[in-house]
Amino acid sequence: MDYTLAALKLLCVQLRSARKTSSRNAFSLGGILFQRAWLQGILVSTPSDASGSKSYILDDGTGVIELSIPAEFVRNRRWVEGMYVMVVGVYLDRDDDLPIIKVHKIIDLSSVPDRESLWYLEVLEAFNLFYQPLL
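All values derive from a computational prediction rather than experimental measurement. (Residues numbered from 1 in each chain as written. Predicted model: local features only at pLDDT ≥ 70, side-chain atom pairs only at ≥ 80, totals over all residues. Heavy atoms only, no water.)

Looking now at the pattern of salt bridges. Pairing between side chains of opposite charge can happen when the charged atoms of each approach one another. For the structure shown, the criterion picks out four salt bridges. Two residues, D108 and R77, come together in a salt bridge whose shortest N-O distance is 2.6 Å. Here the residue D108 occupies a position in strand β9 (residues 100-108), and R77 occupies one in the loop between α2 (71-76) and β8 (84-92), the gap between them amounting to 31 residues. On the accessibility criterion, D108 (22% relative accessible area) is partly exposed. Residue D97 is joined to R94 by a salt bridge in which the shortest nitrogen-to-oxygen separation is 3.7 Å. With relative accessibility at 47%, the residue D97 sits in the partly exposed group. On the accessibility criterion, R94 (27% relative accessible area) is partly exposed. Connected through salt bridges with shared partners, the residues E66, R94 and D97 form a single ionic network. (Salt bridge = Lys/Arg side-chain N within 4 Å of Asp/Glu carboxyl O. Helix = DSSP H or I, 4+ residues; strand = E, 2+ residues; numbered from the N terminus. Buried < 20%, exposed > 50% of the residue type's maximum accessible area, 1.4 Å probe, protein only.)

What follows is the structure, encoded as structure tokens:
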């Protein structure tokens, strides 16, 4: 893991444009290298829900992504369908399946008012201030 590469604040729709690079197990988004992504959204599927799902699925309103949440996070807190969460983790693209985030930070933001609209503004601000000048 190269911690000199920032965790980009992104939407799932933006991750669809990310391309695997040949070095450092990184992805490129418009020329910006990254390994980790920072996303927020609603858990729409969890391993314990009635659908029989074996994975956590996050929907941010622009797309969905699978989450791989470490066992220690699951032991310490119950992550249930309908929660609004912030996740940061390693981004992995898979050819025949949903992309996945190997989570190393997850926070329940369900009780924060206006969280979703504020997140879209944060992503827009990060793009305008940091990402766009590099493109």
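In this section: the environment of L43. Here L43 is to be found in strand β5 (residues 36-45). In this structure L43 comes out as buried when scored by relative accessible area, which is 0%. Separated by 36 residues in sequence, L43 and W79 place their C-alpha atoms 8.1 Å apart. Apart from residues no more than four positions distant in its own chain, L43 is found in contact with I57, L58, L67, W79, V80, E81, G82, M83 and V85. (Contact = heavy atoms within 4.5 Å.)

The next subject is the environment of F130. Tracing the sequence through the fold places F130 in helix α3 (residues 115-131). Between the alpha carbons of F130 and L8 there is a distance of 9.8 Å; along the sequence they are 122 residues apart.

What follows covers the packing of aromatic side chains. Per the counting criterion, the structure on display carries four aromatic pairs. Measuring from centroid to centroid gives 6.1 Å for F27 and F34, while their planes differ by 35°, and the two rings are tilted. The same class applies to F27 as to F34, namely buried. Ring centres of F34 and Y91 lie 6.0 Å apart, and the angle between their planes is 35°; this geometry places the pair in the tilted category. In this pair, F34 sits in strand β4 (residues 32-34) while Y91 sits in strand β8, placing the two residues 57 residues apart along the sequence. Assigned by exposure class, F34 and Y91 land together as buried. (Phe/Tyr/Trp six-rings, centres within 6.5 Å; stacked < 30°, edge-to-face > 60°.)

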